[in-house]
Amino acid sequence: GPIFSGDVTNQDKGSIRIGGIAAAIWLIDISDCTNNGTITAGKAPVTVHVAGIVGRTDSDNDPEYYFIQDVSRYANGTGIPPTIQNCKNNGTILGSESAKFQYIGGIIGETTDGYDIIKGNINKGAINARGTAMMLDCHLGGIVGMNNSGMARIFDCINEGNLTAPMRVGQTAFIGGISGRNAG
């Protein structure tokens, strides 16, 4: 599969999505990808989605979307939801120095796809949120920073990377070896 070995740094002044393979995806599968590069969120002041593979997954959370309207998307006609599988992050992931909200993961920063399948992924890279006094919330996970979809499934994933989120009084952190936060 595809292998990325360079470095990515975003210096955008707004909200950003950044990933070693894709910044954001919608209704596609990603498999057998590797990130070996350093991914740095930069100085975004509002919201950051950053990860070794995909910054954020997006979709319509309506289950009928997958099983009725979009059946033709899949060659076998089964309506199987998007899958991120067998991907590996070896690179360092660095959050923003100034964002208020951060979603940071070794594989995916945040998933909002209603029925994503996240399977067989490995993170070996260190992840550091690098928060400042401006940060309000940090969602940091070895595989997924925030599983915000309600129906996404995470299984057979491994995190071996160190997770760091420097926090101050009044800030909220959700930190987990696999998923920083599950909601929805």
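Residues numbered from 1 in each chain as written. Predicted model: local features only at pLDDT ≥ 70, side-chain atom pairs only at ≥ 80, totals over all residues. Heavy atoms only, no water.

Here's the deal with unusual backbone geometry
Okay, so step 1: Positive phi, normally seen in glycine, also occurs at D32, with a value near 55 degrees.
Okay, so step 2: Within the fold, D32 resides in the loop between strand 5 (30–31) and strand 6 (34–35). (Helix = DSSP H or I, 4+ residues; strand = E, 2+ residues; numbered from the N terminus.)

A look at the packing of aromatic side chains
Okay, so step 1: Per the stated rule, a full pass over the model turns up zero aromatic pairs.
Okay, so step 2: Its guanidinium or amino end placed over the ring of F174, R181 lies 4.4 Å from that ring's centre, counting from NZ or CZ. (Phe/Tyr/Trp six-rings, centres within 6.5 Å; stacked < 30°, edge-to-face > 60°. Lys NZ or Arg CZ within 6 Å of the ring centre and 35° of its normal.)

A closer look at the sheet that holds strand 5
Okay, so step 1: Pairing within the open sheet is parallel, and its four strands lie in the order 5-10-15-20. The open sheet has two edge strands with one neighbour each: strand 5 and strand 20 (153–155).
Okay, so step 2: Pairing analysis gives three bridges linking strand 15 (residues 117–119) to strand 20, with the strands arranged parallel. When the bridges of strand 20 are listed, I117 appears paired with R153. (Pairing = 2+ DSSP bridges.)

Things to note about the environment of S96
Okay, so step 1: Within the secondary structure layout, S96 lies in the loop between strand 12 (93–94) and strand 13 (101–105).
Okay, so step 2: Residues S96 and A41, 55 residues apart in the sequence, show an inter-C-alpha distance of 4.8 Å.
Okay, so step 3: Ignoring anything within four residues of it in the chain, the contact list for S96 reads A41, G42, K43, A44, V48, Q102, A129, R130 and G131.
Okay, so step 4: Among the polar contacts made by the side chain of S96, one reaches the main-chain amide nitrogen of A99 at a distance of 3.0 Å. (Contact = heavy atoms within 4.5 Å. Polar contact = N/O pair within 3.5 Å; in protein donor to acceptor, adjacent residues only side chain to side chain.)

Side note on the nonpolar core
Okay, so step 1: Ranked by internal contacts, the top residues of the largest apolar core, which has 16 residues, are I16, V48, V50, I93, I104, C138 and L140.
Okay, so step 2: Elements that contribute at least two residues to this core include exactly strand 3 (16–19), strand 8 (47–51) and strand 18 (137–141).
Okay, so step 3: Ignoring any residue separated from it by four or fewer positions in sequence, one finds V50 in contact with I18, I39, A41, G55, I93, L94, G95, Y103, I104, G105 and G109.
Okay, so step 4: In terms of nonpolar packing, the next biggest core, distinct from the first, is built from 14 residues, A22, I30, I84 and I143 among them. (Core = buried A, V, L, I, M, F, W, Y, C linked by side-chain atoms within 4.5 Å. Buried < 20%, exposed > 50% of the residue type's maximum accessible area, 1.4 Å probe, protein only.)

Structural notes on the pattern of salt bridges
Okay, so step 1: Evaluated as defined, the whole model comprises three salt bridges.
Okay, so step 2: Where R130 meets E97, a salt bridge forms, and the shortest distance between an N and an O atom there is 3.2 Å. Residue R130 is located in the loop between strand 17 (127–128) and strand 18, and its partner E97 is located in the loop between strand 12 and strand 13; the two are separated by 33 residues in the primary sequence.
Okay, so step 3: By relative accessible area, E97 is classed as partly exposed at 34%.
Okay, so step 4: Residues K124 and E160 are paired through a salt bridge, measuring 3.8 Å at the closest nitrogen-oxygen approach. Separated by 36 residues along the polypeptide, K124 in the loop between strand 16 (122–123) and strand 17 and E160 in the loop between strand 21 (158–159) and strand 22 (163–164) bring together distant segments of the chain.
Okay, so step 5: Note on E160: relative accessible area 51%, which makes it exposed. (Salt bridge = Lys/Arg side-chain N within 4 Å of Asp/Glu carboxyl O.)

Quick word on the sheet that holds strand 9 (residues 54–58)
Okay, so step 1: Taken in spatial order, the four strands line up as 4-9-14-19 in an open sheet, and their pairing is parallel. Each having just a single partner strand, strand 4 (22–26) and strand 19 (144–147) make up the two edges of the open sheet. Recorded for the sheet is a direction-independent mean angle of 10 degrees between the axes of neighbouring strands.
Okay, so step 2: In the sheet, strand 14 (residues 108–111) pairs with strand 19 via three bridges, with the strands oriented parallel. Within the sheet, the bridge partner assigned to T111 lies in strand 19 and is N147. (Axes fitted to C-alpha atoms, helices over the stretch in contact; angles between N-to-C directions.)

Purely geometric numbers; function is a separate question.
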